[in-house]
Amino acid sequence: MNKAGLGRRIEGSIESLSGLVPALVFGFLMCALLAVLAGVAPVDLATTVWTGAWGSPDAAATTLSKTTPLLLTGLAVSLAYQTNLLNIGCEGQLTLGALASSAFAVAAAPLPGLVLIPLTMLVGAGAGAAWAYPAVWLKQQRGVHEVISTLLMNYMAIYLCEYLVLGPLGDGTAMGRTPEIPTGAVWPFLWRHGAVGVTAAPFLALLLCIGVHLWLSRTCWGYEIRAVGSSTTSSRAAGIPVDRWQTRLFVLSGALAGLAGALEVATVHHRFYRTFSPGYGFDGITAAFVVNASPGWLWLSGLFLASLRAADKWLQLSLQVTPNAIVIIQAVLLISVACQARFRSAWQFMLTRFKEVRSGYR
Amino acid sequence: MPLKGMTSCKALPPGRFFSRVFAAVVFFLMLLPPPAACAAKTMKVVVLTDASGLGDKGFNDVSWKGVQRAQADFHLKAQFVQSREQADYVANLSMASKFADIVVTLGYLYTDAVRQVAPYFPDTFFIHIEGEVSGDHVASYDFKSEEGGFLAGLAAGLFTKKRRVGVVTGMDIPPVEAYVSGFRAGVKTAEKYRNEPVEIIIVSAGSFNDPVKGKSLAQALVARGVDVIFRAAGNTGVGVNETVRNTEGVYLIAEDLDQDADIPGKILASTLKRMDVAVYDAIRDIVQGNFKSGHHWLGAAEGAMDITDMEYSKHLFSSNDLLLIRNARRVLKDGSRGIPKRHNEVDGFQPPDLKAATD
């Protein structure tokens, strides 16, 4: 690469970060302000989150395990967003994926683990994909906005699962859960300490994020997808099959959300519980948009949000802060990131002034 | 003769240099977590609740009361941790077990987690409420909720004018099933003394932490013509209280904690489940060095299950009804009367003779 190309590239990446970084800094400052108002020193808050999430090997294992659903639902949202579609339905796709995979694992118990584990994941992903498809079909055939349809299909999925798990797929108790999945379908711990440990799931999720990033940035298909994302009209004019790409990516997005559910079942709960998800699907939206829906940066937001969530117990113990504080922190950051256009225009204004001044001296 | 090396330092006079080093050190010290405040060893107690947390006007609040009493009496340091999601149970319990000397877990939903985690922390004492866990450093307590349910059912069945009573439950876990079965047995006993049938409508919210659903379920019960509602729903029940407060002619029987004074005259009675006594006694035993591990069933006979004295609602009952309820409390205190614990045992239940119990 020649010198000018490198310079342009650096300028381009500064350009793209010029909104996000100040927005995040602003968000963190707001969180610090809130902490002060709540009577907590911001430094204490930060160190407590750090200790709670990464302070000991088992805390780190817990945090890593929590990263899995956030990365996958975040990736699901980002992927659909590459083609200008917003998948708000991850929660439903995840719930359905979890139930489908756990019901399948219970039914297919005699299979050996080597076959059972991948099949279980496939069934979960398939259920998520199947639940995502109607939304994109409705959009293309009937012009129903996908935000509305996916949002509402969440509730259909959640209550459908509730019905199924209290009835035909339940374990006979009134606890709202399926029977335990066979040990062959459970992901083994790579590392364990006491009752906590970490499986391969977070690393798989990370690999998927990197894979998607490379696919989007380095391949011909990725180029087409990004073209659809930047303008559907001109892509259509250029002969790119916009509808087909939107359908494919939306279904893929649903599959990722379903996979997130299946992984929670296979690595954490070992069965489907009606109340297992505290809103992972919705948190995926946060995870995705805190880093501008770019799959290459998801690891950062995924790890950050997981750290916050894993540290909530430590916040309660050492600072007596309500665990809901972390929900507030998430929300403040997301809102600041949503305002990044404002920060970017301020940056561009400064940049042009700077260039003017510099050229004036010449 | 000046040393050659000194020339490079001329930009910073020694005073400025040291003040900068000092500032840097202070800055990094601020980043470190504060040192442990007290040298003297006070026992640490951590209480773990599920997502409903404190303020549920029931199960968690009652248990926390016992911990607070123990904290005052034995100079402990007690804290509570609310788990935001089910995936946290094992992780939070592990963390608490490492951090504290005594861990108190509240609720049936924690049973599996305690079973998994406790063996790894043989030096920590575990007190688990609702659900059986074994281990020589674990004490678990279960309550004969059916006895409280029985008294609630008797009071509701005797009181109802519309001959229709309702129950709002959280999740149908075994302790709640016991409550409801006991309630049905109580209503059955009331039927015997009224000589007329009383209909029971049971609805479930599917969650212990959904007050909005609790409120709408209670409204649905009112619409079906119910005039007494029994709640066994944890934090969901807060919504049931709301409905009863705002609806004329509908009365409530609350669970676990004495709430009679919250809506005076509209809460007929509260069943009393003395988790606080169990937790307090267990902590006392640990402090005094005679911890009793194992599983314990506590009921009316142990003073752990009862109903309030109906201070605000006495005038709404006939003296005959009050006598029956009083006798029922005494009968239960004298020993087990085979109140059904499970739904399928209710049909075979024979109402006890409450008239014969002498005053």
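Refer to the structure presented above.
Note that this is a predicted model, so its numbers are computed, not measured. Within each chain, residue numbers correspond to sequence positions counted from 1 in written order. Lettering for chains starts from A, numbering for ligands starts from 1, and both go in the order in which the items are written. Since the coordinates come from a predicted model, pLDDT governs what is reported: local features require at least 70, and pairs of side-chain atoms require 80 or more to be given and counted, while whole-chain, interface and lining totals use all residues.

1. A short note on the packing of helix α3 (residues 57-81) of chain A against helix α12 (residues 298-310) of chain A
Residue and element names in this part refer to chain A.
And step 1. Here an angle of 0 to 180 degrees is reported between the N-to-C directions of two axes, which are lines fitted to C-alpha atoms, with helices fitted over the stretch in contact. Secondary structure counts use DSSP, requiring at least four H or I residues in a row for a helix and at least two E residues in a row for a strand, with both numbered from the N terminus. In the contact formed by α3 and α12, the axes pass within 7 Å of each other and the chain directions differ by 130°. In terms of axis orientation, α3 runs oblique to α12. For the pair α3 and α12, the crossing hand works out as right-handed. Contacts between α3 and α12 involve A59, T62, T63, K66, T67, L70, L71, G74, L75 and S78 from the first element and L298, S301, G302, L303, L305, A306, S307, R309 and A310 from the second.
And step 2. Gly is placed with the polar residues, together with every amino acid not listed as nonpolar (Ala, Val, Leu, Ile, Met, Phe, Trp, Tyr, Cys and Pro) or charged (Asp, Glu, Lys and Arg). By residue class, the composition of the contact of α3 with α12 is 9 nonpolar, 8 polar and 2 charged. Oblique is the label for any angle not under 35 degrees, not over 145, and not in the 65 to 115 range, which are roughly parallel, roughly antiparallel and roughly perpendicular in turn. For a crossing to be left-handed, the near helix must be turned anticlockwise from the far one by less than a right angle; the clockwise case is right-handed. Note on contacts: each residue gets a C-beta atom placed from the backbone, and two residues are in contact if those atoms are within 7 Å.

2. Structural notes on the interface of chain B and chain A
Often the size quoted for an interface is simply the accessible area lost on bringing the parts together.
And step 1. Taken residue by residue, the interface counts 24 residues in chain B and 24 residues in chain A.
And step 2. Going through the elements one at a time, α1 (14-31), β2 (77-82), α3 (88-99) and α4 (111-117) of chain B are the ones with two or more residues in the side of chain B that touches chain A.
And step 3. Looking at the side of chain B that touches chain A element by element, the count peaks at 6 residues for α3 of chain B.

3. Structural notes on the sheet that holds strand β1 (residues 44-49) of chain B
Residue and element names in this part refer to chain B.
And step 1. One bridge is not enough; two strands pair if DSSP finds at least two bridges between them. With parallel pairing, 6 strands are arranged side by side in an open sheet as β2-β1-β3-β4-β5-β11. Each of the sheet's edge strands pairs with one partner strand only, and the pair in question is β2 and β11 (294-298). Ignoring which end each strand starts from, the neighbouring axes of this sheet average 15° apart.
And step 2. The pairing of strand β3 (residues 102-106) with strand β4 (residues 125-129) spans 5 bridges and is classified as parallel. Residue I102 lies in a different strand from β4, and its bridge partner there is F125.
And step 3. Sheet strands in contact with α3 are β1, β2 and β3, and its direction is about 170° off that of β1.

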